[in-house]
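Examining the three-dimensional arrangement
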Amino acid sequence: MDANGMIDSATEIALIYGPKLIAAIVVWIVGSWIIKLLLSGLDKIMTKSKVDASLKPFLHSLTGMILKVMLGITVLGMLGIEMTSFVAILAAAGLAVGMALSGTLQNFAGGVMILLFKPFKVGDFIDAQGHAGTVREIQIFNTILKTGDNKTIILPNGGLSTGSMTNFSTEEKRRVDWTIGIAYGDDIDKARAVIKQMCDADTRILKDPEVVIVVSALADSSVNFTVRAWVQAPDYWGVFFDMNENVYKTFANEGLSIPFPQMDVHVHKQG
């Protein structure tokens, strides 16, 4: 092919694809600008709607990714690229990846459900999947807990969103329960009065609902009281541990015995 032929071919290609290329570039620039405006509007809507802070970046990124993929497909179509085969290949690849990452996708869906329905939030103390701790971070795939002894626990969101879970921080008040035993032969009324006096002396124990002190069991080695008191949730463990110590000290001073398992052995002589 001579120079004139090459010039003619190049001119023909430029005339055919030049306008399409220019139009595609314009659509990409304008589309990118529109996407930026839409994402900015989405951020404002989420802020006004008080959407959880953990959910905002996820929704922003996901929406931006979907819009950019749609824009890219549109631009490729304008350039004359056959999209049917491309979309089919993309769908097949997506299916294969989805099957390979089924567990990851389940955790992803679980993270979305947790962020949307908020069964717990950062700072809550929860018990789930055999682990208990304070929620430090809610990620898309995992939730991070910190235990009382400063261990880090990573729980997959898939099981966390579908399994049972106890949230100890939902309510402002919690009930503290104790089982306190006295020896057979001790004065029950005196023991009840001493326990009531200790509860009244602790200002962290609420007056309403009233403290419950009842004889709950005549056990093998003790007469057991069940004591139930209500406290503010942050005071739960402090009250629980302090009462155990106070019972041990006070019962000794009041002449009340804290029994322990024992066995009486009787020896009979024959002959």
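In this report, the structure presented in the accompanying data block is examined.

Parameters and conventions
Residues numbered from 1 in each chain as written. Predicted model: local features only at pLDDT ≥ 70, side-chain atom pairs only at ≥ 80, totals over all residues. Heavy atoms only, no water. Helix = DSSP H or I, 4+ residues; strand = E, 2+ residues; numbered from the N terminus. Contact = heavy atoms within 4.5 Å. Axes fitted to C-alpha atoms, helices over the stretch in contact; angles between N-to-C directions. Parallel < 35°, antiparallel > 145°, perpendicular 65-115°, else oblique. Left-handed = near helix turned anticlockwise from the far one by under 90°. Nonpolar A, V, L, I, M, F, W, Y, C, P; charged D, E, K, R; others polar. Expected span 1.5 Å × (residues − 1). Buried < 20%, exposed > 50% of the residue type's maximum accessible area, 1.4 Å probe, protein only. Arc of directions from axis to C-beta. Polar contact = N/O pair within 3.5 Å; in protein donor to acceptor, adjacent residues only side chain to side chain. Core = buried A, V, L, I, M, F, W, Y, C linked by side-chain atoms within 4.5 Å. Pairing = 2+ DSSP bridges. Phe/Tyr/Trp six-rings, centres within 6.5 Å; stacked < 30°, edge-to-face > 60°. Lys NZ or Arg CZ within 6 Å of the ring centre and 35° of its normal.

Tallying secondary structure elements over the protein chain gives seven helices and eight strands in all. The long-range share in the protein chain, meaning contacts at least 24 apart out of those at least 6 apart in sequence, stands at 62%.

In a pair of packed helices, the angle between the axes and the distance between the axes together describe the arrangement. Two elements in contact, helix α6 (residues 188-201) and helix α7 (residues 236-253), have axes whose closest approach is 11 Å; the angle formed by their N-to-C orientations is 135°. On the basis of the axis angle, α6 is oblique to α7. The crossing of α6 and α7 is right-handed. Contacts between α6 and α7 involve V194, I195, M198 and C199 on the former and, on the latter, M243, N246, V247, T250 and F251. For the contact of α6 with α7, the class distribution of residues is seven nonpolar, two polar and no charged.

Spanning 14 residues, α6 covers 20 Å between terminal C-alpha atoms, matching the ideal 20 Å at 1.5 Å per step. Inspection of α6 places A191, V194, I195, M198 and C199 among the buried residues, and these make up the whole buried set. Burial along α6 is one-sided: seen end-on, the buried residues are contained in an arc of 135°. For α6, the exposed residues set more than 90 degrees away from the buried face come down to D189, Q197 and A201. Each element contacted by the buried residues of α6 is listed here: β6 (173-182), β7 (212-218), β8 (223-232) and α7. Looking at where α6 begins, the residue whose side-chain oxygen comes 3.0 Å from the main-chain nitrogen of D189 is D187.

Turning our attention to the environment of D187. Note on placement: D187 falls in the loop between β6 and α6. Overall, the relative accessible area of 41% leaves D187 in the partly exposed class. As for D187 and G255, which are separated by 68 residues in sequence, their C-alpha atoms are 9.6 Å apart. Other than its neighbours up to four places away in sequence, D187 contacts I182 and L256. Polar side-chain contacts of D187 include one of 3.2 Å to the backbone nitrogen of K190.

Right, let's talk about the nonpolar core for a bit. Judged by nonpolar contacts, the single largest core of 23 residues is most densely connected at W178, I195, I205, V227 and F251. When contributions to this core are tallied by element, the ones reaching two or more residues are β6, α6, β8 and α7. Excluding residues within four positions of it along the chain, W178 makes contact with F225, T226, V227, A229, V239, F240, M243 and N244. Judged by nonpolar contacts, the second largest core, of twelve residues, contains F120, I126, A128 and I138.

Right, let's get into the sheet that holds strand β4 (residues 152-156). In space, the five strands of this open sheet follow the order β4-β3-β2-β1-β5, with antiparallel pairing throughout. On the outer flanks of this sheet lie β4 and β5 (165-167), each paired with one strand and no other. Strand after strand, the sheet turns through a mean of 40° between neighbouring axes, direction not considered. Relative to strand β3 (residues 142-146), strand β2 (residues 131-138) is paired through four bridges, and the arrangement is antiparallel. Across the sheet, residue E137 finds its bridge partner in β3, namely I144.

Below, the discussion takes up the packing of aromatic side chains. On inspection of all chains with the given rule, the structure shows seven aromatic pairs. With a centroid separation of 4.9 Å and an interplanar angle of 85°, the aromatic rings of Y236 and W237 are classed as edge-to-face. Judged by relative accessible area, Y236 falls into the buried class, the value being 12%. By relative accessible area, which is 47% here, W237 ends up partly exposed. Stacked on the ring of Y236, the Lys or Arg R174 has its end atom at 3.8 Å from the ring centre.

The subject of this paragraph is the sheet that holds β7. What the three strands build is an open sheet, ordered β6-β8-β7; its pairing is antiparallel. Of all the strands in the sheet, the pair left with one neighbour each is β6 and β7. With direction set aside, neighbouring strand axes in the sheet form an average angle of 25°. As paired elements, β7 and β8 share six bridges and run antiparallel to each other. The partner of V212 across the bridge, within β8, is R228. This element, α6, spans β6, β7 and β8 of the sheet and lies at about 15° to β8. Strands β6 and β8 of the sheet are contacted by α7, whose axis makes an angle of about 20° with β6.

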